[in-house]
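# Coordinates in review
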Amino acid sequence: MNIQTAVLPPHAEMVRAMLASDTVYEGVFFTAVKTTGIFCRPTCTARKPKPENVEFFAHADDCLSAGYRACLRCKPLDAAAIAPDWVQRLLKAVDADPELRWSDAQLLAEGIEPLKLRRWFKQHFGMTFHAWLRTRRLGMALGGIKQGTSIDHAAFDSGYESLSGFRDAFQKSFHITPGRAAHSEPLLFARLTTPLGPMIAMAERRGLVLLEFLDRPALTREVEELQNRYGYVVAPGHNAHLQQIEKELALYFAGKLSEFSVPLHLPGSEFARQVWSELRQIPYGHTSTYGSIAARLGKPGASRAVGLANGHNRLSIVVPCHRVIGADGSLTGYGGGQPRKAFLLRLENAAVQLTQPLAF
Ligand SMILES: [Zn+2]
């Protein structure tokens, strides 16, 4: 048995997800059709095969080694990490000339369909291409302000015709005036690819602050709280903590890492921080309940409050709220969706069983 085959959801659940094209199973499994020799994502829009003709695999590589070819419609080999050629060409062009506004006509001249581009960016960055371009330009302007460029220059460099237009756009994006930004803590974000779909990681100088699935509904609220309550200026970028979490996450998903060592910074209420620190005590491959966490905190009646603090955890996977289950053994809710929670628990369980010596 290897870690790949050990992590599949129950068969009936995969059949249901495939027939329903359920997007939360994207990356959780692949479907390979014995009669056609082709494999797909669970969300493929091609006609659904008969369940009895389908073999399920945890990874696209496994389908290939079993002799299947990738579907031309849902392109299961195009991992989210690898942007398609036309996106890569566009990103290079943006790097070369960050000020260019990219009208629909300019996009079409490059052979890029604006609607397709919009959809790709929404799916992979959670925003439209033009919103991403603006954030990127403002992020560069912010970098300039932090390095001592005057606000007038930053406005000019980021392509704004008037200083007030720049201030407005800046304030709208970062919820802070450029003048104040020079004195606040930048919170840099990067997008990470995982087998369970794209995640966003945010880190400041002291450590990792947020790690969430991009499609988590609470993400916007969490980011707004970080901006408005904790005064962060959010901008795209990279630092050592973001590089470290990217490496550690890849090892975690390969079943080769059970404890994260990336430094964390967790702004929050006293109680929430106590709960998060208890969550970090639940060992890899094990589960706990709200009730027993409340008891460990010396507040046996507070399991509801523990549940709430658990839901406000911004550091998915690293602060392992997925290891908390119902007192009756049921999975209970998960911010990133229950199939992901089940996947993480199966992954950890399989890795623990593989490393434990045989019992006599
Ligand atoms: Zn397909």
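Residues numbered from 1 in each chain as written. Predicted model: local features only at pLDDT ≥ 70, side-chain atom pairs only at ≥ 80, totals over all residues. Heavy atoms only, no water.

Phi is positive for Ser21, close to 50 degrees, though the residue is something other than glycine. Its location among the elements puts Ser21 in the loop between α2 (11–20) and β1 (30–33). If you check the backbone angles, Trp102 has positive phi at about 55 degrees while not being a glycine. One can find Trp102 in the loop between α4 (85–96) and α5 (104–109). (Helix = DSSP H or I, 4+ residues; strand = E, 2+ residues; numbered from the N terminus.)

In terms of burial, strand β7 (residues 207–213) is largely enclosed, as seven of its seven residues are buried. In this structure, strand β6 (residues 199–204) lies alongside β7, joined through six bridges in antiparallel fashion. Opposite Ala203, over in β7, you have Leu208 as the bridge partner. In this antiparallel pair of consecutive strands, β6 and β7, the connection spans two residues. (Buried < 20%, exposed > 50% of the residue type's maximum accessible area, 1.4 Å probe, protein only. Pairing = 2+ DSSP bridges.)

Further remarks concern the packing of aromatic side chains. Scanning all chains against the criterion turns up eight aromatic pairs. An angle of 80 degrees between the planes, with centres 5.4 Å apart, marks the rings of Tyr252 and Phe253 as edge-to-face. In this structure, Tyr252 and Phe253 share a single accessibility class: buried. Ring geometry for Tyr252 and Phe260: centres 5.5 Å apart, planes at 35 degrees, overall tilted. (Phe/Tyr/Trp six-rings, centres within 6.5 Å; stacked < 30°, edge-to-face > 60°.)

With that settled, consider the coordination of the zinc ion. The coordination sphere of the zinc ion, as far as protein atoms go, consists of Cys40 (SG), Cys44 (SG), Cys71 (SG) and Cys74 (SG), spread over 2.2 to 2.4 Å. One way to put it: the four donor atoms around the zinc ion meet at angles of 105 to 120 degrees, and that makes the site tetrahedral. The sequence motif formed by the donor residues of the zinc ion is C-x3-C-x26-C-x2-C. One end of the pair, Cys44, is in the loop between β2 (38–40) and β3 (54–57); the other, Cys71, is in the loop between β4 (69–70) and α4, and 27 residues separate them in sequence. By relative accessible area, Cys44 is classed as buried at 5%. The class of Cys71 is buried, set by a relative accessible area of 9%. (Donors = N, O, S within 2.8 Å, 3.2 Å for Na, K, Ca; no water. Tetrahedral: all angles 85-135°; square planar, octahedral: opposite > 155°, others 65-115°.)

Now for the pattern of salt bridges. Taken as a whole and assessed by the stated rule, the structure comprises six salt bridges. The shortest N-O distance in the salt bridge between Arg314 and Glu225 comes to 3.5 Å. Here Arg314 is found in the loop between α15 (303–311) and α16 (338–355), whereas its partner Glu225 is found in helix α11 (residues 219–228), with 89 residues between them in sequence. Of the charged contacts, one joins Arg323 and Glu348 as a salt bridge, the two residues approaching to 2.8 Å between their closest N and O atoms. Of this pair, Arg323 sits in the loop between α15 and α16 while Glu348 sits in helix α16, and the two are 25 residues apart along the sequence. Residue classification places Arg323 among the buried positions, given a relative accessible area of 5%. Each of the salt bridges in this network shares a partner with another, and the network as a whole consists of Glu225, Arg229 and Arg314. (Salt bridge = Lys/Arg side-chain N within 4 Å of Asp/Glu carboxyl O.)

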